[in-house]
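Observations on the model geometry
For reference, the chains in residue letters:
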Amino acid sequence: MTRTDSVAGGSGFLGEVAQRSLSRRSLLRWGALAGAGAVLAPAVTACVAPSAPGGGATGSSTLTLGLNRSLVSLDNKLNQFDAAVTVQRAVRQALTEIGDDLKPRNVLAESFELTSPTQWTVKLRDDIKYSDGTSVAVEDVAKALEMYSQVNGSFLAPQFPEWPTVNKKDELTFTLDTKAPLPVLNTLMSNILITPAAANKPEELQEGVGTGPYKVASADRGTGTYKLVVNENYWGEKPSVNEINVRFMSEESSRVVALRSGEVDVIDSITPDSVAQLKTVDGIEIESVTGTRYNQLFYNFRKPADSPMSDPKVREALSYGFDSKSVVDGILGGTVTSAKGVVPQTLAGAVETGEYKYDPAKAKSMLADLGVSNLAVKVIWETGEFAADVSIMEALVEMMKEIGVTAELQQFQPGGDISSWRQGKAGDWDILGNGYGNQTGLALTNLQGMYAGTAEKEATRDTYHGFVFPEISSKIITATSETDQAKSTELLTSVQKDIWAQWPCMWAFIPNAVLARRTRVEGIELRPTNSYQVSTVTVNG
């Protein structure tokens, strides 16, 4: 789906307003109204409709989740959007996980200890079995690492500076050996989900055999619909909810109506407007916690050398043309924090490197001094990448007009081919509305995954949108291996300043993790990683 037409003068209200020459004040009103109109119009209908429980989410044995993005699979080799993690880990588990305190703790591993600078010794629990009754073997861990390492375009693979080697000691014990010290390996392994070796492949798996509290009863990846039932072979405490239904509902208004009517029990990724509305509804509660996700308007670093967008000064100038405070206050209702660095400040090791300031006069002056005129940029994003995505992008168009830049929007529906665009295989673009979820609590994970690109990785399009700066990559890799805390901190501080100097984003922000639930649902402990343990959830009537 292309948004270009609608911005140029498509639908009545937005098209009419978009053609005006807007002052900053009117832009703010427009942004706020656009945001409200985008999400509230269908919800107004819900306000006058009965909100009594009904539909499919009734009974104490069934939980129904309404996700804003399609759950393509219950594996995470390629994608790991936040809400998917909750469901994926209900079926598949890792050696470790990141807890509420953003620190690693053991899951399938009974012990996970650093026994030398380049070696971790792991012992598996002796009571774990897969949902099909077979035992978990050391070979399954080795195969999992091998398969994750072979996935092209993986979200997770770039987070590993090197892949550890598994050396079996006995049926339950093995070592993870690396060439260089990797003191955060126990954290990184929290994202490697374990599957029987014979069934593992270098792709997202469609079968659901795992060690989690639930197993797959039915799945339709096309519609994003899944039915999970209790895994009778689960090694932990049996969950109280017998059945979990997962539905993909791309339209926020539909999710809000479904929650109000009782058709679903939990919805995620909702805008401030919907939060404000749902707070007034009896029988619905809002959960919110400061998140670890880094959302950005990221520049394309695959532009040719003669493109104005290859100049960090041009990228910096465009940032001065973006009124982030107005977006935060007027469209997002203060539910996000504008970034002060290149990773979320909630992460261990993050440092402040600067702030995004709105100064359109400076933006125009810098562009003029750089000899840049009549600049046109193309902005792409996938629906649902972050709350109020359409309103933010349409506000961006108007802000760029004020500094003499033409912005064209192209919106992709979930499941479309934006992945190929992001990898530079399908079409050219300048700015990507994107997000980078962090499931480890470490700044190093974002730094490694986003900014440690190399020429070798770029050859397979496994860098973060072409961000390849050898000196930066070298510093990150060195910091990843540094066991001295003081030296590690010094390196991390230095490299984050280096990255900021490249102006990788027009703007970046850290959203709160937010979900809404019916009060009959209890036991949801929403983590900063925007996930929760579904096995502890209870449903009352």
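Everything numeric in this text was worked out from a predicted model, so none of it was measured.

Now for the overall build of the chain. In terms of regular secondary structure, the chain is built from 17 helices and 20 strands. Relative to all contacts within the chain whose residues are 6 or more apart in sequence, the contacts with residues 24 or more apart total 72%. Of the accessible surface of the chain, which amounts to about 21,000 Å², a share of 49% is contributed by carbon and sulfur atoms.

In terms of nonpolar packing, the biggest core is built from 101 residues, with Leu95, Leu176, Met189, Tyr294, Leu318 and Tyr451 touching the most fellow members. Sorting elements by how many residues they give to this core places helix H12 (residues 389-402) first, with eight residues. Core analysis: the next-biggest nonpolar cluster, separate from the first, contains 28 residues, Leu67, Phe81, Val87 and Ile524 among them.

What follows concerns the environment of Ile472. Looking at where Ile472 falls in the secondary structure, it is placed in helix H16 (residues 470-481). Here Ile472 falls in the buried class, since its relative accessible area comes to 5%. Residues Ile472 and Val495 lie 23 residues apart in sequence; the distance between their C-alpha atoms is 6.2 Å. Non-local contacts of Ile472, meaning those with residues more than four positions away in its chain, are made with Tyr451, Phe467, Val495, Asp498, Ile499 and Gln502.

Most of strand E7 (residues 173-177) sits out of view: five of its five residues are buried. Across the two faces of E7 the burial is the same, with Thr173, Thr175 and Asp177 and Phe174 and Leu176 all buried. Two strands pair when backbone bridges link them, and strand E5 (residues 119-124) and E7 are joined in this way by five bridges, in the antiparallel orientation. Note that in E7 the partner of Gln119 across the bridge is Asp177. Where strand E6 (residues 165-168) lies against E7, four bridges are found, and the strand directions are antiparallel. The residue of E7 that forms the bridge with Asn167 is Thr175. Count of turn residues in the E6/E7 antiparallel hairpin: four residues.

With that out of the way, let us pick up the confidence of the model for the chain. Averaged over every residue, the pLDDT of the chain is 87; residues scoring 70 or more account for 88%. Ignoring residues within four places in sequence, the model shows residues 1-55, a span with pLDDT below 50, making 88 contacts including any to other chains.

With that settled, consider the pattern of salt bridges. The tally for this structure, following the rule as stated, stands at 23 salt bridges. Notably, a salt bridge pairs Arg125 with Asp127, separated by 3.0 Å at the nearest N-O pair. Given a relative accessible area of 25%, Arg125 falls into the partly exposed group. A residue is classified by how much of its surface remains accessible, and Asp127, at 35% relative accessible area, is partly exposed.

This structure, assessed with the given rule, holds five cavities of 30 Å³ or more. Taken together, the elements giving at least two residues each to the lining of the largest cavity come down to strand E1 (62-67), helix H4 (82-91) and strand E11 (266-268).

Read across the open sheet, the four strands follow the order E4-E5-E7-E6; overall the sheet is antiparallel. The open sheet has two edge strands with one neighbour each: strand E4 (109-116) and E6. Neighbouring strand axes in the sheet, compared pairwise and without regard to direction, differ in orientation by 25° on average. Contacts from helix H5 (residues 138-149) reach E5, E6 and E7, with the element oriented near 165° to E6.

A regular strand places its side chains so that they alternate between the two faces of the sheet. For strand E8 (residues 214-220) and strand E9 (residues 225-230), the ladder comprises six bridges, and the chain directions are antiparallel. Across the sheet, residue Lys215 finds its bridge partner in E9, namely Val229.

According to the stated counting rule, one finds 18 aromatic pairs in the structure shown. Aromatic pair Trp507 and Phe509: ring centres 4.6 Å apart, planes at 20°, arrangement stacked. A single burial state applies to Trp507 and to Phe509, both of which are buried. Aromatic rings pair up to connect Phe298, Phe301, Tyr436, Tyr451, Tyr464, Phe467 and Phe469 into one cluster. Taking NZ or CZ as reference, Lys77 lies 5.1 Å from the ring centre of Tyr148, over its face.

About the cut-offs
Residues numbered from 1 in each chain as written. Predicted model: local features only at pLDDT ≥ 70, side-chain atom pairs only at ≥ 80, totals over all residues. Heavy atoms only, no water. Helix = DSSP H or I, 4+ residues; strand = E, 2+ residues; numbered from the N terminus. Contact = heavy atoms within 4.5 Å. Areas by Shrake-Rupley, 256 points an atom, 1.4 Å probe, with all protein chains shown as cover. Core = buried A, V, L, I, M, F, W, Y, C linked by side-chain atoms within 4.5 Å. Buried < 20%, exposed > 50% of the residue type's maximum accessible area, 1.4 Å probe, protein only. Pairing = 2+ DSSP bridges. pLDDT = per-residue confidence, 0-100. Salt bridge = Lys/Arg side-chain N within 4 Å of Asp/Glu carboxyl O. 1 Å grid on protein atoms, 1.4 Å probe; cavity = no way out; pocket = protein on both sides within 12 Å on 5 of 7 lines; lining within 4 Å. Points joined across faces, edges and corners; volume = space filled by probe spheres on them. Axes fitted to C-alpha atoms, helices over the stretch in contact; angles between N-to-C directions. Phe/Tyr/Trp six-rings, centres within 6.5 Å; stacked < 30°, edge-to-face > 60°. Lys NZ or Arg CZ within 6 Å of the ring centre and 35° of its normal.

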